Amino acid sequence: MPGQKLHDLDHLLSGQRKFFNSGVTLDINFRLDALKKLKRVLQEQTDEIADALAVDLKKPLFETYASETGFVIKEINFALKNLPKWAKRKRVPNILPTFPSRNHVINEPYGLALIMGPWNYPFQLSLAPLVGAVAAGNCCLVKPSEIAEKSSALIAKIINDTFDHNYIAAVEGGVEVAGELLESRFDKIFFTGSPAVGKIVMEKAAQNLADVTLELGGKSPCIVESSVDTSKAAKRILFGKFFNAGQTCITPDYVLVHREVKEKLVQAMLSWLDHFYGADPKTSPDYGRIINQKHFNRLKNYLADGTVIAGGEYDETDLYLAPTILEVDDLDKPIMQEEIFGPILPVIEFSDLEQVEEIIGRNPNPLALYIFSSDRASIERLTTRIPFGGGCINDTVIYTYNHHLPFGGRGSSGMGKYHGKYSFEVFSHQKAIMSRRFYLDPAMIYPPYKSIHPLLKKFLFR
Ligand code: NAD
C-alpha cells in the first residue's frame with residue numbers, strides 16, 4: 001500500500017488469511033460486488049489512468065483505452081456475465097467400475113494470491129489477473145512494477161481506496177519488496193515479467209509449494225510467405241510491432257520473409273510507416289516512448305546489429321526511438337539472441353520452411369507466432385510443428401483480445417493460461433468429489449482379492 005511499511009506485511013497477510021478463512025469470499029454475490037466496484041473505479045479514473053500512462057510511456061490514448069482500461073473492463077464484464085455459471089459445481093459422468101456414484105468438480109479458491117506485474121501494460125497486467133483472482137474467490141495482494149512509477153502509484157491507490165485491505169491490497173516497491181513478498185506464504189503466485197525473474201519466482205514458490213502461473217516473454221517470430229498480399233501483411237505487422245513502441249510481450253520480435261517478396265514487403269512497410277506516423281514520428285500523438293534510460297541504451301545498441309532501412313533516429317532526452325526496420329543477416333548478433341522489447345524490427349529473408357524452423361528453433365517456445373500466408377499446407381505445418389504459446393494467421397497481436405482464447409506461453413515463455421474463463425480457472429483448484437451410496441458393494445473388490453483376478457484381466461486389460 002502507499003506508505004505501507006514492509007514490517008506490516010505479516011500483519012497484512014495474517015489479516016487476509018483470517019478474512020479468507022471466514023468464508024466471505026465463497027459467496028458469489030460478494031465476488032460480483034467486488035468486480036462491480038473495480039469496474040466503477042476504473043470508469044471513474046479513466047482520465048487519471050490515461051495521464052499516468054502518458055507520463056510513464058507517452059502511451060497514445062487509443063492504446064490506453066484499448067489495451068489497458070478498456071481491456072480490464074471487458075474482462076470484468078465477461079466475468080460478471082458468466083461467473084454464476086463458472087462457479088457452479090459441474091456434474092461429470094460416472095464410469096462402470098465406480099457405479100453407483102455422482103461425480104462433481106468444485107472450483108475452489110486457492111486462498112491468498114500474489115499478483116506481480118510488469119511495467120509495459122501496468123494496468124492490464126496487474127488488474128486482468130486480479131479479475132480472475134476475485135472471480136475465483138481469493139484474497140489478493142497486488143505488486144505493480146516500480147518501473148512504471150506513476151501507474152504503480154495509481155494502481156495502488158485504486159486498489160487500496162476501493163477494497164478492504166484484508167481482502168485485496170496493493171503494495172508498491174522494487175526488487176527488495178518483491179523479494180520479501182516471495183518469502184511469504186501465498187497459495188497462488190501469478191507473475192508476469194521476464195524469464196529471468198520468472199525462474200526466481202518459481203524457485204521461491206517451491207519453498208511453500210505455492211501454485212504458480214508464469215506469463216513470460218521471448219522472441220515471437222512473424223513469418224511472411226510469398227503467397228500473401230505484402231501490403232496488407234506489412235500494415236498488420238507494423239501495427240503489432242509499434243503499438244506501445246514495441247514494448248509488448250507478444251509483439252512480432254522479428255520478421256522472416258520469403259526472399260521473393262522481401263523487397264515488396266519492405267517497400268510496403270516504408271509506405272505504411274509514413275501513413276501511420278508521418279514524416280517525423282516524434283511529433284505523432286500515436287507513438288509512445290521508451291520506458292527509461294536503461295532500456296533506451298539497451299535498444300540503441302541493437303541499431304549496430306544490422307542495416308537501418310527505416311527509422312534509426314533517436315532523442316535520448318525524450319527517450320524517443322523512431323520506429324525502425326533493420327535488415328539483419330547475421331543471426332549471431334545480440335538482436336537475434338535476446339528479446340528486443342522495443343521499436344526495432346529485424347527483417348530476415350528465408351528461402352524454405354526448413355530454414356524458418358531452424359531460425360525459430362534457436363529461440364524455442366516463443367510466446368507468440370504469426371504467419372502471413374494463404375497456403376494451407378504451410379500454415380498447417382508451421383502451426384502444428386513449431387511449439388509456441390499462441391498466435392495469429394494473417395494478423396498479429398489482436399488474438400489476445402478474444403477472451404474465448406487462452407493466453408499464455410510454454411517453456412521459456414511461461415506456464416499456465418488466462419483471460420476470460422481461463423482466468424477464473426487459473427485461480428481455482430478443481431476439486432474432485434465422488435459421492436457414493438452403500439448399495440451394490442461387490443465383496444470381490446475387498447481383500448482377499450484372489451477371486452477378482454480373472455475378472456480384472458478380462459475387463460481392465462482389454
Ligand atoms: P521483470 O521480470 O523485470 O519485472 C516483473 C516484476 O518482477 C516487477 O514487479 C518487478 O518488480 C519484479 N522483479 C524484478 N526483479 C526481481 C527480482 N530479482 N526478484 C523478484 N522480483 C523481481 O519484467 P519487466 O521488465 O517488468 O517486463 C518485461 C518482461 O516481461 C519481458 O520479458 C516481457 O516479454 C515480459 N512480459 C510478459 C507478458 C506476458 O503476458 N507474457 C506481458 C508483459 C511483459
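Note that the structure is predicted; figures quoted are calculated from it, not measured.

*Asks:* Explanation requested: the overall build of the chain in the structure shown.
*Replies:* Per the secondary structure count, the chain includes 15 helices and 18 strands. Scaling as 2.2 N^0.38, a compact globule of 462 residues should have a C-alpha radius of gyration of about 23 Å, and the chain matches this with 25 Å. Dimensions along the principal axes, computed over C-alpha positions, put the chain at roughly 80 × 60 × 35 Å. Per-residue burial for the chain yields a buried fraction of 54% across its 462 residues. Sequence-distant contacts, at least 24 apart, represent 71% of the contacts inside the chain between residues at least 6 apart. Approximately 21,200 Å² of the chain is accessible, and the part contributed by carbon and sulfur atoms is 55%. Charged side chains of the chain number 53 positive and 54 negative; the gap between the two group centres comes to 13 Å.

*Asks:* Quick question: what am I supposed to make of the packing of helix 9 (residues 230-242) against helix 10 (residues 262-277) here?
*Replies:* Helix-helix packing: each pair is described by the crossing angle between the helix axes and the interaxial distance. With their axes 8 Å apart at the nearest point, helix 9 and helix 10 run at an angle of 55° to one another. The angle between the axes of helix 9 and helix 10 places the two elements in the oblique class. Relative to helix 10, helix 9 is oriented so that their crossing is right-handed. For the pair helix 9 and helix 10, contact is made by T230, S231, A233, A234, K235, I237, L238, F239 and F242 and by K264, L265, A268, M269, W272, L273, F276 and Y277, respectively. Taken together, the residues of the contact of helix 9 with helix 10 break down into 13 nonpolar, 2 polar and 2 charged.

*Asks:* Mind showing me how you'd approach the site of the ligand here?
*Replies:* In the vicinity of the ligand lie 27 residues, with G117, E146, S194, L216 and E339 positioned nearest. Taking G193, its main chain carries an N or O atom lying 3.1 Å from an oxygen atom of the ligand. L216 is positioned such that a nitrogen or oxygen atom in its backbone is 2.6 Å from a nitrogen atom of the ligand. Relative to its unbound accessible area of 840 Å², the ligand is 89% covered by the protein chains. Of all the elements in the fold, those that place two or more residues in the shell around the ligand are helix 7 (175-183), strand 6 (188-192) and helix 8 (195-208).

*Asks:* Just to check I follow, could you spell out the pattern of salt bridges for this structure?
*Replies:* Any two side chains of opposite charge can pair if their charged atoms end up close together. Applying the stated criterion to the full structure yields 23 salt bridges. The closest approach of N and O atoms between K232 and D229, which form a salt bridge, is 3.8 Å. A relative accessible area of 58% places K232 in the exposed class. Two residues, R381 and E357, come together in a salt bridge whose shortest N-O distance is 2.9 Å. Here the residue R381 occupies a position in helix 13 (residues 376-385), and E357 occupies one in helix 12 (residues 353-361), the gap between them amounting to 24 residues.

*Asks:* Honestly, the packing of aromatic side chains in this entry has me stumped. Any pointers?
*Replies:* To describe a pair of aromatic rings, one takes the distance between the centres and the angle between the planes. In the structure shown here, the tally under the stated rule is 20 aromatic pairs. Between F71 and Y401, the ring centres sit 5.6 Å apart and the planes meet at 70°, which makes this aromatic pair edge-to-face. Placement of the pair is F71 in helix 4 (residues 61-87) and Y401 in the loop between strand 16 (390-393) and strand 17 (414-415), with a sequence separation of 330 residues. Since its relative accessible area comes to 1%, F71 is described here as buried. Using a relative accessible area of 35% as the deciding quantity, one classes Y401 as partly exposed. On the basis of an interplanar angle of 55° and a centroid distance of 6.1 Å, the ring pair of F407 and Y418 is categorised as tilted. Residue F407 is located in the loop between strand 16 and strand 17, and its partner Y418 is located in the loop between strand 17 and helix 14 (421-426); the two are separated by 11 residues in the primary sequence. Side by side, F407 and Y418 carry an identical accessibility label, which is buried. Here K188 stacks its cationic end above the ring of F427, 5.7 Å away from the centre of that ring.

*Asks:* Would you mind going over the pairing of strand 13 (residues 324-327) with me for this structure?
*Replies:* Each regular strand shows side chains that alternate between the opposite faces of the sheet. With 3 bridges joining them, strand 10 (residues 307-310) and strand 13 adopt antiparallel strand pairing. Along strand 13, the bridge assignment pairs A310 with I325. With 4 bridges joining them, strand 13 and strand 14 (residues 344-350) adopt parallel strand pairing. Paired with E327 across the two strands is V347, which belongs to strand 14.

*Asks:* Please explain the domain arrangement of the chain as it appears in this structure.
*Replies:* How big an interface is tends to be stated in terms of the accessible area lost upon association of its parts. Under the domain assignment used here, the chain contains domain 1 (6-216 + 414-431) and domain 2 (221-408). Distance from the C-alpha centre of domain 1 to the C-alpha centre of domain 2: 30 Å. The interface is formed by 28 residues belonging to domain 1 together with 26 residues belonging to domain 2. Counting every contact that joins domain 1 to domain 2 gives 0 salt bridges. Here domain 1 and domain 2 share 10 residue pairs in polar contact (both at pLDDT 80 or more) between them. Elements that contribute at least two residues to the side of domain 1 that touches domain 2 include exactly helix 3 (46-57), helix 4 and helix 14.

*Asks:* Would you mind going over a positive patch on the surface with me for this structure?
*Replies:* There is a patch of like positive charges on the surface, built from K81, K85, K88 and K90. Looking at the secondary structure, you find K81 in helix 4.

*Asks:* How should the sheet that holds strand 1 (residues 90-92) be read in this particular structure?
*Replies:* One key point about sheets: their strands pair by backbone hydrogen bonds, in either a parallel or an antiparallel sense. One open sheet holds the 3 strands; their spatial order is 1-2-18, and the pairing between them is antiparallel. A single partner strand is all that each edge strand has here, and the edge strands are strand 1 and strand 18 (428-436). Pairwise comparison of adjacent strand axes, ignoring direction, gives a mean angle of 30° for this sheet. Here strand 2 (residues 101-109) pairs with strand 18 via 9 bridges, running antiparallel. Paired with V105 across the bridge in strand 18 is A432.

What counts, and at which threshold
- Residues numbered from 1 in each chain as written.
- Predicted model: local features only at pLDDT ≥ 70, side-chain atom pairs only at ≥ 80, totals over all residues.
- Heavy atoms only, no water.
- Helix = DSSP H or I, 4+ residues; strand = E, 2+ residues; numbered from the N terminus.
- Rg over C-alpha atoms; globule rule 2.2 N^0.38 Å.
- Buried < 20%, exposed > 50% of the residue type's maximum accessible area, 1.4 Å probe, protein only.
- Contact = heavy atoms within 4.5 Å.
- Areas by Shrake-Rupley, 256 points an atom, 1.4 Å probe, with all protein chains shown as cover.
- Lys, Arg positive; Asp, Glu negative; His and termini not counted.
- Charge placed at Lys NZ, Arg CZ, Asp CG, Glu CD.
- Axes fitted to C-alpha atoms, helices over the stretch in contact; angles between N-to-C directions.
- Parallel < 35°, antiparallel > 145°, perpendicular 65-115°, else oblique.
- Left-handed = near helix turned anticlockwise from the far one by under 90°.
- Nonpolar A, V, L, I, M, F, W, Y, C, P; charged D, E, K, R; others polar.
- Near = heavy atom within 4 Å.
- Polar contact = N/O pair within 3.5 Å; in protein donor to acceptor, adjacent residues only side chain to side chain.
- Salt bridge = Lys/Arg side-chain N within 4 Å of Asp/Glu carboxyl O.
- Phe/Tyr/Trp six-rings, centres within 6.5 Å; stacked < 30°, edge-to-face > 60°.
- Lys NZ or Arg CZ within 6 Å of the ring centre and 35° of its normal.
- Pairing = 2+ DSSP bridges.
- Domains from an automatic or database assignment.
- Patch = residues over 30% accessible without salt bridge, like charges linked within 9 Å, V, L, I, M, F, W, Y side chains within 5 Å.

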